[in-house]
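Structural overview
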Amino acid sequence: MAYAYLFKYIIIGDTGVGKSCLLLQFTDKRFQPVHDLTIGVEFGARMITIDGKQIKLQIWDTAGQESFRSITRSYYRGAAGALLVYDITRRDTFNHLTTWLEDARQHSNSNMVIMLIGNKSDLESRREVKKEEGEAFAREHGLIFMETSAKTASNVEEAFINTAKEIYEKIQEGVFDINNEANGIKIGPQHPTTNSTLSGSQGGQHAGGGCC
Amino acid sequence: MVSSRITNYIFDAFRGTEEQHQRPPEEVELLGEVIPGLEINQQEEPGFEVITRIDLGTRPEVNRTGPLSSEDWIRHQDTEGRMINIPLLKQVIFKGGLCHALRKEAWKFLLGYVPWDSTLEERKVLQRSRTDEYFRMKLQWKSVSEEQERRNSRLRDYRSLIEKDVNRTDRSNRFYEGMDNPGLVLLHDILMTYCMFDFDLGYVQGMSDLLSPILYVMENEVDAFWCFVCFMDQMHQNFEEQMQGMKTQLIQLSTLLRLLDLSFWNYLESQDSGFLYFCFRWLLIRFKRELSFQDVLRLWEVMWTGLPCDNFHLLVCCAILDSEKQKIMEENYGFNEILKHINELSMKLDIEDILQKAEGICEQITSCKVRSATSDNEYVQQRQITSLKVHSATSANEYVQQRQITSLKVRSATSDNEP
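As named in an unreviewed UniProt entry, chain B is TBC1 domain family, member 15, taken from Cyclopterus lumpus.

Where an unreviewed UniProt entry is consulted, chain A appears under the name Ras-related protein Rab-2A, with the organism given as Takifugu bimaculatus. Under the Sequence similarities (unreviewed entry) heading, UniProt states for chain A: "Belongs to the small GTPase superfamily. Rab family."

Written out as structure tokens, the structure is:
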């Protein structure tokens, strides 16, 4: 399907925080509690619309275990957006954010938009990390922040689409050099018109999963 | 010396990594100068011939046969239960695999859990002592109190990771599906016990994928554990700190690919894909996620014969890449597209087709022509890589050393005397 832009995303964070479930919820609109653990990297893609333009998100879901890091970080490069995920019911996944963030910043381009995600918000009774802590971390490191639930789909659309909006804005501001694919943005066959502004951007309209 | 570093990789690529350390350095150095297929533009070592190019010739057609039957297996047993004609037996298994009913017994031999020349009686004794040993190790983690575990972060981490991953391993397989499936408990307990067996390594993601088919075949906790231990002996380096074993294999694969298909290798390099990270999952868990469950069983038993050379799995990689290179190059895929394309081959590969091709490539390599350029004349030598000659003129008299590149270890059914 024709698209104006393609954005490459990565999803990173500790093992078991729900990275693959977030991706599946976003691309297929379903929650699959039982799925195989990710080895290396998995892909997902979906079309969204921002500012009347079709944007294809190509999402790379990476394995979370520490020992794989030296290999998985080679997948980071050329990403325009990153979803950095922790599990609100496991304090240690929050404590590891700094390492993940350093790693991501070191191995990707400096303009990459990073969205911090506290996942499993449906498990309120088991919460170990307050929402305020997530907000504070995001503020301190210049990230966007959201709590999501891959299970109930709460905020999942928003997390992916808001990240795309931020990237889109940066393109409009001329921060991203869209002709350099190392920035994780590719101009699609449906070429965008120039001089467009970000008025009335409407996310959420999509063409369903499986469009790659 | 760049050239010798590169060439050592070739030898390493064909050689089990274990032997790497046992080889005398001077031999590796000398063998390292035999460079099939690499164009070397760096300064040459004085006196060594420089092999500029390799002529692989056409790939022979290879036939595969049907799986070994239980009757055939029994025919390879003497009255006391020792296996006989083992080289031939391995050759048959390499060519066609095993029928499923036979796997439970035959895998124990193939993996080295029980010796080929053991009698039935000896195997019973062995299995009894292994059973004791297993339960002794199992009791070790079972008897750790909550209090103790609070002070043992590594055990705690292993346990929590295993618990998570057992719930995410082959859950669509009948043997592991549904809640409270007893298969899950076994998977968990064996992995925990393996942590006691090798606490330094403990548990790393991917290991549950390696255990799952073994447990499925063995249907027995103790046998599955020891077979898994044997398999892990081969795979250990993949899971060690910093993934050094993985990186080594990727380099070996890259060297092989360059030897076999320079134009494709150049293409991958030009797309920043020369490190072959897209083969990561293939190598880490031996194609477990690329093939259907039944095909994984077939591939693994074929590889466990150790035929026709060590590191046959690297030739399997080459075989798959060989089938995909046209598409990749014609569509002008970049770094992202290549990785995506390779990832999406999962469950679309034909195991017999791949094995046929991989064996063909192996035969191609073992009977290739090496084009060499000496200081005087250029000549073409038809050489068996199995007995490549190393020309050296460093000493007063030029001498020729005929050396077996033992590292390639091309084994044939007739010459293999291994019991």
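Here's the deal with the overall build of chain B
Tallying secondary structure elements over chain B gives 19 helices and 5 strands in all. Here chain B, with 419 residues, has 56% of them falling under the buried criterion. Of the roughly 18600 Å² of accessible surface on chain B, 47% is carried by carbon and sulfur atoms.

Quick look at the domain arrangement of chain B
Interfaces are often described in size by the accessible area the parts lose on coming together. Residues and elements named next belong to chain B. Annotation of chain B at the domain level lists domain 1 (4-62 + 242-407) and domain 2 (99-239). Between domain 1 and domain 2, the residue contacts involve 20 residues of the former and 22 residues of the latter. Counting each side, the surface lost to burial between domain 1 and domain 2 is near 2000 Å², with a carbon and sulfur contribution of 58%. In this assembly, domain 1 and domain 2 are joined by 4 salt bridges. Ionic pairing is found between Asp-170 and Lys-288, a salt bridge with its closest N-O pair at 2.8 Å. Scanning the region where domain 1 abuts domain 2 turns up 10 residue pairs in polar contact (both at pLDDT 80 or more). Those elements giving two or more residues to the side of domain 1 that touches domain 2 turn out to be helix H13 (244-260), helix H15 (280-284) and helix H16 (293-304). It is H16 that provides the largest number of residues to the side of domain 1 that touches domain 2, a total of 8 residues.

Looking at the packing of aromatic side chains
Tallied over the full model, the rule gives 31 aromatic pairs over all chains. Here the aromatic rings of B:Tyr194 and B:Phe228 are separated by 5.1 Å at their centres, their planes lie at 70 degrees, and the arrangement is edge-to-face. In this pair, B:Tyr194 is assigned in helix H10 (residues 182-197) and B:Phe228 in helix H12 (residues 221-239), connecting sequence segments 34 residues apart. Accessibility classification places B:Tyr194 together with B:Phe228 in one group, the buried group. Each residue in the set B:Tyr134, B:Phe135, B:Tyr194, B:Phe197, B:Phe225, B:Trp226 and B:Phe228 is aromatic and connected to the rest through ring pairs, giving one cluster. Above the plane of the ring of B:Phe335 lies A:Arg77, whose end atom (NZ or CZ) is 4.2 Å from the centre.

Quick word on the packing of helix H9 (residues 153-166) of chain B against H10(B)
A pair of packed helices is characterised by two quantities: the angle between their axes and the separation of those axes. Residues and elements named next belong to chain B. Running from amino to carboxyl end, H9 crosses H10 at an angle of 155 degrees, the nearest separation of the two axes being 10 Å. Between H9 and H10, the angle is such that the two are roughly antiparallel. Handedness of the crossing formed by H9 with H10: right-handed. Across the interface between the two elements, Leu-155, Tyr-158, Arg-159, Ile-162, Glu-163 and Val-166 from H9 touch Leu-184, Leu-187, His-188, Leu-191, Met-192, Cys-195 and Met-196 from H10. Its residues placed into classes, the contact of H9 with H10 shows 10 nonpolar, 1 polar and 2 charged.

Definitions and cut-offs
Residue positions are counted from 1 within each chain, in the order its sequence is given. Written order decides the labels, with chains lettered from A and ligands numbered from 1. Local features in this predicted model are restricted to residues whose pLDDT is 70 or higher, and side-chain atom pairs enter the listing and the counts only when it is 80 or higher, whereas totals over whole chains, interfaces and linings include all residues. With hydrogens and water stripped out, all remaining heavy atoms of the structure feed into the side-chain values. UniProt positions are given in the numbering used here, feature names are shortened, and annotations may be inferred rather than shown by experiment. For helices the rule is a DSSP run of H or I covering at least 4 residues; for strands it is a run of E covering at least 2, with both sets numbered from the N terminus onward. Only protein chains enter the calculation, and the probe is 1.4 Å; a residue is then buried if its accessible area is under 20% of its type maximum, exposed if over 50%, and partly exposed in between. Calculation of accessible area relied on Shrake-Rupley with a 1.4 Å probe; when residues are assessed, cover is drawn exclusively from the protein chains displayed. Marked domain ranges trace back to an automatic or database domain assignment. Whether two residues are in contact is decided by their heavy atoms, any of which lying within 4.5 Å being enough. A quick way to say it: buried area is the sum, across both parts, of accessible area lost when two parts are put together, with a 1.4 Å probe. Counted as salt bridges are all cases of a side-chain nitrogen of Lys or Arg within 4 Å of a carboxyl oxygen of Asp or Glu. We define a polar contact as two N or O atoms separated by no more than 3.5 Å, with the added condition that, inside protein, one atom must be a possible hydrogen donor and the other a possible acceptor, whereas residues neighbouring each other in sequence contribute only through side-chain atom pairs. Note on ring pairs: Phe, Tyr and Trp rings are taken, using the six-membered ring of Trp, and paired if centres are within 6.5 Å. Classes follow the plane angle, with under 30 degrees stacked, over 60 edge-to-face and the rest tilted. Only when the NZ atom of a Lys or the CZ atom of an Arg is both within 6 Å of the ring centre and within 35 degrees of the ring normal do we say a charge sits over the ring. Axis geometry follows a simple rule: fit a line to the C-alpha atoms, using only the stretch in contact for helices, then measure angles between N-to-C directions, giving values from 0 to 180 degrees. For this classification, under 35 degrees means roughly parallel, over 145 means roughly antiparallel, 65 to 115 means roughly perpendicular, and everything else is oblique. Left-handed describes a crossing in which the near helix is turned anticlockwise from the far one by less than a right angle; the clockwise case is right-handed. Residues are grouped as follows: Ala, Val, Leu, Ile, Met, Phe, Trp, Tyr, Cys and Pro are nonpolar; Asp, Glu, Lys and Arg are charged; every other residue, Gly included, is polar.

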